[in-house]
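One-letter residues, chain by chain:
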Amino acid sequence: MVWQWSVAILAGGSILASAVPPHVVPLDAVLLLDQYERGDYAAVARDLASVDDLRLLDHLDSELAKRSKGWIAAGNPSQTRRRAFVAGAVALEVTHALVDGQTSRDGWTHDSANPEALPRVARLIANEVSPPDDLEHDWTLAQLASWEEWNAAVRLTAGDQWITPEPVWAVLLGEPTLMQLSRTQTAFGQGGYLQEALARFPGDERLLLAREEGRESIETRCPIEFCFDEMTPATLDQLRRRAKSAPPETGGLAQMMNTRIHAMAVANLEAFDRLLPAASRFAALANAHPGLRAEANVHIGYLAIRAERPEMALRPLADAVVSDDPHVRYLAEYFTGRAFDALGRRPDAIAAFRRALVVVPDAPSAAMLLAAQLFVGDDSTERTEAYAVLQAAQAAVPRAADPWDRYWYGDARLWPVYMEHLRQALRQ
Amino acid sequence: MRWTVTPVLLFALGTGAIAVVFADQGQVFRSGVQSVLADVSVMRGRTPLTGLAAEDFSVTDNGVAQRLDSLEGAAMPLDVSLVVDATWLTLGLAPELGPAGARSLLDNAQQVASLLNPDDRLGVITFSATVEETRAMSRVGSPLGEISVANSTTWSYDDRPRITQALLTALMAPVATDRRHLVLMFSAARGGLDVPSGAPLVEAAARADALLYAVLNPPHYALGTHVPSAFYPSEIPIRDAVMRAAEATGGKAVLTGDVSGTFRDVLKDFRQRYVLRYSVQGVPTRGWHDIVVTVPSCPGCTIHARRGYMGQ
């Protein structure tokens, strides 16, 4: 099950090989497709991980987009559908390598804003009309995870996030998005990727959860640099003052800045008003799908905290802390600590942050808040412990993935799990 | 709130106690006599008021008047924690620095070190997606060559510059009773905060035995563009948090690209502080102590003081 895999991911595991010599010559798209068809998945992943120059990956992505259709058709006609999914899997591997390149290196380029092969091959697969099966399901979830992690790369590096803070979620939900991603959106039709996927797999829980997570991101999250995801009474006052007063017509740069600040305040307040409706939608999802209850409750808890209703967060979070999934359990404990903090219940907050750090030792998000809580107490031994907690978080190498860093990216954390399922399905 | 650079006065504080060691048990017990050290800045207008004597100061500890043991000053050795935003240097977020960012870090650290006295100590913490102590706190006479931008620049998912983690690590570091601790941070302070809000940082800063000066790179550009992004710093949560944290320690945040020049000014200011020492009397030693410092002979003077200290 998913949670069993996420244990390995939290522990820093990856299905990509590491510490391989860098590639300096372009990889051949057709050779990669052939390798993958033979089941030599590890070699393909290793080759892609070894590419240092993102321009080579961009080139490979373009080549794959151009050559996949011919490669699929070149095989035995009885194998056409399977070869389409092989091409799809390679497109996912390349997209993942591009995400990895963009997030771990300083290599954002305009070309790589829009993966070429993945939407094109997805279209080819969609054209292979046949009843939905496990192979397609595995491909669908792996593609979802790919787009969700692509969102992380775009958010980190896109320069105009102010206009469209959640460009890839917008693609998935059929909302307006970045111009660079419009080609991708076209590949999925007006309703977006998730609508198409749900038409193929109605009631699929991961897809339904993703739809709500996407709405949560688009409707309640604010752009990065001017982000007030977390409201406080002081922040709300500040925003309300800004929103109430129209931008002064001073002209020039000052007016431009004031106009943007005014717009930011209005946008943040509108997002604030959408928090509790979003929590209600997650509650409905949890009621209809018991398998999603723990994850939905984590979202409900966080939305309640953001809506300045921490007392409403405690019960759903208490339900979520018993989850078998350590990612979910960590977030439930972490948010519980934050809810108690907001309620002024310092000892309870400290206890919750400690429990979170048992689930994911040295995770910076809980470590920092635990240290801060310990430091402001009246016990000098707690001050000593606060420093030790921070030292441990600093020294933890390799650092386990911090679930809080992955909160906004849905099943992106499960990309290795879904890819492994897809590889196994292709082997059969 | 509009950004203004105003002279902010300094106040740092250290505490000490007489320790009795029972060797057979390996435990340390502290006596009831607690020595408190307080960094105080007195300004008349924008000019530091110099020449004050111990009897010019009035100090209360949890509301109880205290008698000063001594007035110390520039001779007291410093511990300087240099907290440097490696993201700024390595990921091209400050294009004006060019590819020589890592070299720039070392140059800055060396310039800082050149301004310190032989008894002073320097530690370096760098941060990006991780926090690294790239130089342990040690005397400035030791080589600086080991300073590096060793941080991971792997940005996965929602990693944000670990600015709060780095500052908390510096501010919470234990300080010897006979030294003053200055935390000096250089950062572009761009991107999101690595904590839900600035409150934990500000609250911890208010109780730290250190004084924080933050040098923030001017917001010339929006992230990754050349579009002016001159938002008032307080409109951006990360800048707002750093500014308030600095003020909570008695330090200040300065918006400038002149790192070494700013440090020279900071150090000059810092060495002009008065350092008050008193032995706590009339109040329980343990727990949090509110302290208030005044200069009755100068009612118009501005005195900046931290709010208190943690009793041992």
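Keep in mind that what you see is a predicted model, and the values were worked out from it rather than measured. (Residues numbered from 1 in each chain as written. Chains lettered and ligands numbered in written order. Predicted model: local features only at pLDDT ≥ 70, side-chain atom pairs only at ≥ 80, totals over all residues.)

**A closer look at the confidence of the model for chain B**
Residue and element names in this part refer to chain B.
Part 1: On average, residues of chain B carry a pLDDT of 72, and 66% of them reach 70 or more.
Part 2: Ranking the helices and strands of chain B by mean pLDDT puts strand E5 (residues 64-66) first, with 94, and strand E1 (residues 13-22) last, with 36.
Part 3: Note on residues 1-32: pLDDT under 50 across the span, and 84 contacts to partners over four residues away in sequence or across chains.
Part 4: Confidence over residues 219-235 falls short of pLDDT 50; this stretch has 34 contacts with residues more than four positions distant or in other chains.
Part 5: Here the complex is predicted with pTM 0.83, and the ipTM for its interfaces comes to 0.80. (pLDDT = per-residue confidence, 0-100. Helix = DSSP H or I, 4+ residues; strand = E, 2+ residues; numbered from the N terminus. Contact = placed C-beta atoms within 7 Å.)

**Regarding the nonpolar core**
Soluble, globular proteins show a tendency: their nonpolar side chains are buried together.
Part 1: Counting residues in hydrophobic clusters, the biggest one holds 179 residues, and the most contacted among them are Val90(A), Ala371(A), Leu171(B) and Leu212(B).
Part 2: Considering each element in turn, this core owes the most residues, twelve residues, to helix H5 (residues 80-104) of chain A.
Part 3: In this structure Leu212(B) touches Leu171(B), Val183(B), Met185(B), Ala205(B), Ala245(B), Ala246(B), Thr249(B) and Gly251(B), once residues within four positions along its chain are discounted.
Part 4: One finds Ala38(B), Tyr278(B), Ala305(B) and Met310(B) within the second-largest nonpolar core, a separate group that totals 16 residues. (Core = buried A, V, L, I, M, F, W, Y, C linked by C-beta atoms within 7 Å. Buried ≥ 20, exposed ≤ 12 C-beta atoms within 10 Å, placed from the backbone.)

**As for unusual backbone geometry**
Leave glycine aside and you will find that most residues have negative phi; peptide bonds, for their part, are mostly trans.
Residues and elements named next belong to chain A.
Part 1: The phi angle at Glu308 is positive, at roughly 60 degrees, despite the residue not being glycine.
Part 2: Mapping Glu308 onto the fold places it in the loop between helix H15 (293-306) and helix H16 (310-320).
Part 3: Judged by local crowding, Glu308 falls into the partly exposed class, with 16 C-beta atoms found within 10 Å.

**Thoughts on the environment of His96(A)**
Residues and elements named next belong to chain A.
Part 1: Mapped onto the secondary structure, His96 falls in helix H5.
Part 2: Exposure remark for His96: the 26 C-beta atoms within 10 Å place this residue in the buried category.
Part 3: A sequence separation of 49 residues divides His96 from Ala145, and the C-alpha atoms of the two residues are 9.6 Å apart.
Part 4: With residues near it in sequence (within four places) discarded, His96 still touches Ser146 and Trp415.

**Concerning the sheet that holds strand E11 (residues 211-216) of chain B**
All names here are of chain B.
Part 1: Spatial ordering of the open sheet is given by E9-E8-E7-E10-E11-E12, a layout of six strands whose pairing is mixed. Either end of the sheet is taken by a strand with one partner, and the two such strands are strand E9 (131-139) and strand E12 (252-255). For this sheet the average axis-to-axis angle between neighbouring strands, irrespective of direction, equals 15 degrees.
Part 2: As judged from the six bridges shared by strand E8 (residues 121-127) and E9, these two strands associate in the antiparallel manner. Across the sheet, the residue bridging to Phe127 is Val131, located in E9. (Pairing = 2+ DSSP bridges. Axes fitted to C-alpha atoms, helices over the stretch in contact; angles between N-to-C directions.)

**A closer look at the environment of Ser78(A)**
Part 1: Summarising the element assignment, Ser78(A) is placed in the loop between helix H4 (54-73) and H5.
Part 2: Since 7 C-beta atoms lie within 10 Å of it, Ser78(A) is described here as exposed.

**Details of the environment of Val64(B)**
All names here are of chain B.
Part 1: Checked against the element boundaries, Val64 lands in strand E5.
Part 2: For Val64, a count of 12 C-beta atoms within 10 Å gives the class exposed.
Part 3: Spatially, the C-alpha atom of Val64 lies 38 Å from that of Arg139, the residues being 75 residues apart in sequence.
Part 4: Those residues within four positions of Val64 in sequence are excluded, and the remaining contacts are Gly282 and Val283.

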